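# Residue-level structural notes
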Amino acid sequence: MNSCGTCSALTDSYGRTVRSLRMSITNRCNFDCIYCHNEGDHGSKGEMSVENIANIVDAASRLGVNKLKISGGEPLIRNDLEDILSSLPELRDVSLTTNASMLKGRAQSLKDSGLDRVNVSLDTLDPEIYRTITNCSKGAFEKVLDGIHDAVDAGLTPVKLNMVLLKDINDADMDSMLEFTSQYKGDVILQLIELMDFKDVAQYRVNADEVEKKLLKNATDVKVRHMHHRKKYIINGAEVEFVRPVDNTEFCANCNRLRVTADGKLKPCLLTNDDLVDVSNASLDELPSLLQLAVSKRVPFYRNK
Ligand code: SAM
Ligand code: SF4
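What counts, and where the lines are drawn
Residues numbered from 1 in each chain as written. Chains lettered and ligands numbered in written order. Predicted model: local features only at pLDDT ≥ 70, side-chain atom pairs only at ≥ 80, totals over all residues. Heavy atoms only, no water. Near = heavy atom within 4 Å. Polar contact = N/O pair within 3.5 Å; in protein donor to acceptor, adjacent residues only side chain to side chain. Areas by Shrake-Rupley, 256 points an atom, 1.4 Å probe, with all protein chains shown as cover. Helix = DSSP H or I, 4+ residues; strand = E, 2+ residues; numbered from the N terminus. Nonpolar A, V, L, I, M, F, W, Y, C, P; charged D, E, K, R; others polar. Buried < 20%, exposed > 50% of the residue type's maximum accessible area, 1.4 Å probe, protein only. Core = buried A, V, L, I, M, F, W, Y, C linked by side-chain atoms within 4.5 Å. Contact = heavy atoms within 4.5 Å. Salt bridge = Lys/Arg side-chain N within 4 Å of Asp/Glu carboxyl O. Pairing = 2+ DSSP bridges. Axes fitted to C-alpha atoms, helices over the stretch in contact; angles between N-to-C directions. Arc of directions from axis to C-beta.

Turning to the site of ligand 1, a few remarks are in order. The full set close to ligand 1 counts 20 residues, and Tyr 35, His 37, Ser 121, Asn 162 and Met 196 are the nearest of them. Here Tyr 35 contributes a backbone N or O atom positioned 2.8 Å from a nitrogen atom of ligand 1. Between an oxygen atom of ligand 1 and a side-chain N or O atom of Asn 162, the distance comes to 2.9 Å. Bound to the protein, ligand 1 loses 94% of the 550 Å² it would expose on its own. Among the secondary structure elements, those contributing two or more residues to the shell around ligand 1 are strand S3 (93–98) and strand S5 (159–164). Of the residues in the shell around ligand 1, the class split is 6 nonpolar, 10 polar and 4 charged.

Glancing now at unusual backbone geometry. Here the residue pair Thr 157 and Pro 158 is connected by a cis peptide bond, since its omega of -5 degrees sits within 30 degrees of zero. Its place among the elements puts Pro 158 in the loop between helix H5 (140–153) and S5. The phi torsion at Asn 38 lies on the positive side, around 55 degrees, for a residue other than glycine. Tracing the backbone through its elements, the reader meets Asn 38 in the loop between strand S1 (20–24) and helix H1 (50–62). Look at Asn 38 and you get buried, because its relative accessible area is 15%. In the Ramachandran plot, Asn 236 falls in the positive-phi region, its phi being about 50 degrees despite a non-glycine side chain. Here Asn 236 lies in the loop between strand S8 (231–235) and strand S9 (238–243).

The next thing to look at is the nonpolar core. Counting residues in hydrophobic clusters, the biggest one holds 86 residues, and the most contacted among them are Leu 122, Leu 161 and Leu 192. The greatest single-element share of this core, amounting to 7 residues, is contributed by H5. Apart from the residues lying within four places of it in its own chain, the contact partners of Leu 161 are Val 120, Leu 122, Ile 148, Met 177, Phe 180, Thr 181, Val 188, Ile 189, Leu 190 and Gln 191. Met 196, Cys 252, Leu 270 and Tyr 302 belong to the second largest nonpolar core, which has 5 residues in total.

With that settled, the discussion passes to the site of ligand 2. Taken together, Cys 29, Phe 31, Asp 32, Cys 33, Cys 36, Gly 73 and Asn 99 are the residues near ligand 2. Counted by class, the shell around ligand 2 contains 4 nonpolar, 2 polar and 1 charged residues.

What follows deals with the pattern of salt bridges. For the structure shown, the criterion picks out 18 salt bridges. Close ionic contact of Asp 263 with Lys 265 constitutes a salt bridge, the shortest N to O distance being 3.0 Å. We classify Lys 265 as partly exposed; its relative accessible area is 24%. Taken together, the salt bridges that share partners define one network made up of Asp 12, Arg 16 and Arg 298.

Here the focus is the sheet that holds strand S6 (residues 188–193). Two pairing modes exist for strands in a sheet, parallel and antiparallel, and in both the strands are linked by backbone hydrogen bonds. If you walk across this open sheet you meet the 12 strands as S7-S8-S9-S6-S5-S4-S3-S2-S1-S10-S11-S12, and the pairing is mixed. Single-partner strands in this sheet number two, and they are strand S7 (221–224) and strand S12 (277–278). The sheet strands contacting helix H6 (residues 174–183) are S5, S6, S8 and S9, and the helix crosses S6 at an angle near 155 degrees. Packing of helix H7 (residues 208–218) onto the sheet brings it into contact with S6, S7, S8 and S9, and relative to S8 it is tilted by some 50 degrees.

Right, let's talk about the environment of Thr 17 for a bit. With respect to the element layout, Thr 17 can be found in the segment before S1. Here the alpha-carbon distance between Thr 17 and Val 65, two residues 48 residues apart in the chain, equals 9.1 Å. A polar contact of 2.7 Å, which involves the side chain of Thr 17, links it to the side chain of Thr 11.

Taken together, the buried positions of H6 are occupied by Met 174, Met 177, Leu 178, Phe 180 and Thr 181. Relative to the axis of H6, the buried residues are bounded by an arc of 165 degrees and lie together on one face. Across H6 from its buried face, at more than 90 degrees, point the exposed residues Glu 179 and Gln 183. Turning to H6, the residues buried within the fold contact H5, S5, S6, H7, S8 and S9. At the exit of H6 stands Lys 185, carrying a positive phi of roughly 45 degrees.

In short, the description is geometric, and any link to function would need to be established separately.
Quick look at the structure:
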């Protein structure tokens, strides 16, 4: 039992309280991005049922979790995503991370089923570079842009564009992405992401300090976000964030999420796999103690020793 004032049932031994679930609902994907980390979930084949998912989120919400991010693989591959959303308890924030290639025509039904907002992976506005990065089929890029428009129209805002920075591939595309973002006047935010080396892609890593310097130089305003003390830059009216998870002790020290794999395992950290807790067959009664067990296994991957 914790004795500190701000701790809860899901506070780990490093004083970090879990408030957020990042849940993969499938490992399947219609793309094959050159860098994809698949949320650190590589082996699993099975998928949780709607009931399974609802029970895990319900149990977590009773222990203080108030945010859910649904991810994958590509979560829109599941036709029962609306059923999943409708089955969830009341949460402060429910979001979806998607490549958006199948979002057009579905954004409103997702909103009506309880989705608050979407993050869309968009690394470039150049169709050829897009295909090089994602290995997608012809025509997918145009569908992604349509999907972003539909998401804004449906009020799944702010839509965050996730742009993974890749040296000599898309690092020259930041300005066009900023211009695209600013056209949406606050309904779209650009989130730059530092590449994590999951598929031997170290040669594509950009110099993150240089990127940060460029953002600072061009910004008319800079705000600091509470989570990870991350900075928000305002550039030509567009809001830009830069996520730097690599070798970042501050990032890990402020991490408040617990992951769930597509086949129903609680995953304490993106970067470790020897600490999974299976909840695929757990009852509602068993879930609270299994959630606490997973939280007790949380260790900041990057930490000052
Ligand atoms: N298919 C969905 C999508 O692409 O948005 C959801 C799953 S994808 C694994 C979730 C996010 O992880 C995407 O925004 C993607 O850009 C990011 N991502 C994947 N591999 C990464 C890597 N090696 N480094 C940094 N971000 C990565
Ligand atoms: Fe990975 Fe998402 Fe790309 Fe699919 S679309 S390969 S899940 S980053």
